[in-house]
Amino acid sequence: MPTYTVHAINVGSFLLGEADKVLTLFSMERGIIRAVAKGARKPNTKMSGRSDALCVNKLLLSTGRTFEIITQAESIEGFPEFRTDLTRMSYALYYVELTNHFGQSLSEESESYFDFLLNSLQLQARTPHDPVWLCLEFEMGLLDILGYRPELTYCVVGREVLGEYNLGTFNRELGGVVCQQCSRQERQLATRETLRDAQFERDPGWRNGAHITPLVWKNLIIAADRRVSEEGVERTCVVKQEAMQQSVEAARRLVQGYIEYRVGKRMKSLEVLEQLKVR
Ligand SMILES: [Zn+2]
């Protein structure tokens with residue numbers, strides 16, 4: 001059987017039989033791969049500690065009929081830090097949930113995406129930067145790689161240059177910010193259409209868009225450039241101020257909503273935090 005080596009992050013799994021697991025891996029060499037980890041659910045086997053989500057391993061795989069088969073595994077990273085921090089772990093699991101979802105589209109740029117994901121997990125595990133902020137940077141980075149980077153410089157309707165003074169709404173369907181003037185016109189149009197849609201029972205909800213404040217807009221721009229984690233701009237002291245923190249959270253919710261709109265479903269990893277109201 002042909003074998004090959006990959007460096008991979010575990011991004012998902014499901015159970016197979018009594019003792020095995022099928023892992024979804026994001027590998028540096030080939031992007032998304034599904035592989036059987038034999039004995040992963042028995043204690044003290046070579047895979048038992050290496051098959052959890054977020055583990056990073058060097059693996060020797062052999063080509064199987066339906067799934068690849070893991071024949072050797074060597075641990076690279078286990079991220080023990082996450083075990084004692086539910087908040088950071090939830091964000092990390094959200095990263096891999098998104099990776100699992102977008103995996104096929106990321107496979108062509110597997111090497112750079114692997115580095116990006118690993119780096120983002122390390123930042124979440126080992127730096128004091130605000131976890132919400134780091135997640136926002138991750139989301140903006142992911143959207144950029146996927147070619148869905150939201151338009152924040154020009155109005156997506158009328159192409160006016162955007163500034164703090166003319167922000168209107170964030171429109172998921174159009175993938176960016178609509179200026180005040182255009183969103184006012186859109187709203188008037190929507191109102192007219194709502195009357196008509198009411199007759200035909202259509203949902204015009206997308207047209208309204210979400211209101212975007214200058215602080216939220218600035219956060220999105222700074223996060224898109226990864227200026228905190230990569231350029232070392234000190235922001236942790238700033239985001240602790242309450243108004244700033246709220247605007248970071250609002251920016252992140254807006255981006256998650258945009259991602260979920262593109263995906264067509266809700267992401268589950270952060271629901272725990274929502275329920276516990278911790279961050
Ligand atoms: Zn406009």
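Residues numbered from 1 in each chain as written. Predicted model: local features only at pLDDT ≥ 70, side-chain atom pairs only at ≥ 80, totals over all residues.

Trainee: Explain the overall build of the protein here, please?
Mentor: Helix and strand content of the protein: eight helices and eight strands. Buried positions account for 37% of the 279 residues belonging to the protein. Within the protein, contacts between residues at least 6 apart in sequence are counted, and of these 60% link residues at least 24 apart. (Helix = DSSP H or I, 4+ residues; strand = E, 2+ residues; numbered from the N terminus. Buried ≥ 20, exposed ≤ 12 C-beta atoms within 10 Å, placed from the backbone. Contact = placed C-beta atoms within 7 Å.)

Trainee: Looking at this structure, I do not really get the environment of Ala224. What am I missing?
Mentor: Position of Ala224 relative to the elements: it lies in helix H5 (residues 214–224). Taking the C-alpha atoms as reference points, Ala224 and Arg149, separated by 75 residues in sequence, lie 8.4 Å from one another.

Trainee: Sorry if this is basic, but what is going on with the packing of helix H1 (residues 86–106) against helix H3 (residues 131–146) here?
Mentor: Each pair of packed helices can be summarised by the angle the axes make with each other and by the distance between the axes. Between H1 and H3, the shortest axis-to-axis distance is 10 Å and the interhelical angle comes to 5 degrees. Comparing the axis directions of H1 and H3 gives the class roughly parallel. Facing H1, whose interface residues are Thr87, Arg88, Tyr91, Tyr94, Tyr95, Leu98, Phe102, Ser105 and Leu106, H3 presents Pro131, Cys135, Phe138, Leu142, Ile145 and Leu146. (Axes fitted to C-alpha atoms, helices over the stretch in contact; angles between N-to-C directions. Parallel < 35°, antiparallel > 145°, perpendicular 65-115°, else oblique.)

Trainee: I tried to follow the sheet that holds strand E3 (residues 31–37) on my own but got confused; where do I start?
Mentor: The strands making up a sheet associate through backbone hydrogen bonding, with each pair oriented either parallel or antiparallel. Within the closed barrel, the five strands sit side by side as E1-E2-E3-E5-E4. Their pairing is mixed. Put simply, the sheet's adjacent strands are angled 50 degrees from each other on average, direction ignored. Sheet strands touched by H1: strand E1 (3–16), strand E2 (20–27) and E3. Its angle to E1, the strand with the most contacts, is close to 125 degrees. The strands that helix H2 (residues 110–126) touches are E1, E2, E3 and strand E4 (56–62); relative to E2, the one it contacts most, it runs at about 105 degrees. (Pairing = 2+ DSSP bridges.)

Trainee: Explain the sheet that holds strand E7 (residues 176–179) to me, please; I cannot follow it from the model alone.
Mentor: Strand order across the open sheet formed by three strands is E7-E6-E8, with antiparallel pairing between neighbours. The open sheet terminates on both sides in strands that have one partner only, identified here as E7 and strand E8 (210–211). Two strands pair when backbone bridges link them, and strand E6 (residues 167–171) and E7 are joined in this way by four bridges, in the antiparallel orientation. Among the inter-strand pairings, Asn171 is bridged to a residue of E7, identified as Gly176.

Trainee: Can you help me understand the pairing of strand E5 (residues 68–77) in this one?
Mentor: Two faces, one strand: in a regular strand the side chains alternate between the faces of the sheet. With two bridges connecting them, E3 and E5 associate as parallel partners. Across the sheet, the residue bridging to Val36 is Ile69, located in E5. Turn length for the E4-E5 hairpin, with the two strands adjacent in sequence and antiparallel, is five residues.

Trainee: Where do I start with H2 in this structure?
Mentor: An α-helical segment advances 3.6 residues per turn. Residues three or four places apart therefore align on the same side. In this model, H2 (17 residues) spans 24 Å end to end at C-alpha, consistent with the 24 Å of a helix rising 1.5 Å per residue. All of the buried residues in H2 are Ser110, Tyr113, Phe114, Phe116, Leu117, Ser120, Leu121, Leu123 and Gln124. (Expected span 1.5 Å × (residues − 1).)

Trainee: Which parts of the structure should I look at to understand the nonpolar core?
Mentor: Among the nonpolar cores identified, the biggest contains 68 residues, and Tyr95 and Val177 are the most heavily contacted of them. For this core, the leading source of residues is H1, giving 10 residues. When residues of this core are assigned to domains, at least three map to each of domain 1 (3–77) and domain 2 (127–279). Apart from residues lying up to four places away in sequence, Tyr95 is in contact with Leu117, Ser120, Leu121 and Phe138. (Core = buried A, V, L, I, M, F, W, Y, C linked by C-beta atoms within 7 Å. Domains from an automatic or database assignment.)

Trainee: Would you mind going over the confidence of the model for the protein with me for this structure?
Mentor: Should the pLDDT be low somewhere, the predicted coordinates at that spot are not to be read in detail. For the protein, the mean per-residue pLDDT works out to 88, and 90% of the residues sit at or above 70. Across the protein, the element-wise mean pLDDT spans from 48 in helix H6 (residues 236–239) up to 97 in E4. Every residue in residues 202–206 is under pLDDT 50, and counting partners more than four places away or in other chains gives seven contacts. (pLDDT = per-residue confidence, 0-100.)

Trainee: Honestly, the environment of Ser27 in this entry has me stumped. Any pointers?
Mentor: With respect to the helices and strands, the residue Ser27 is situated in strand E2. Taking the C-beta count within 10 Å as the criterion, Ser27 has 23 such neighbours and is therefore assigned buried. As a C-alpha pair, Ser27 and Val11 span 16 residues in sequence and 10.0 Å in three-dimensional space. Aside from chain neighbours lying at most four places away, what touches Ser27 is Val6, His7, Ala8, Ile33, Ser110 and Phe114.

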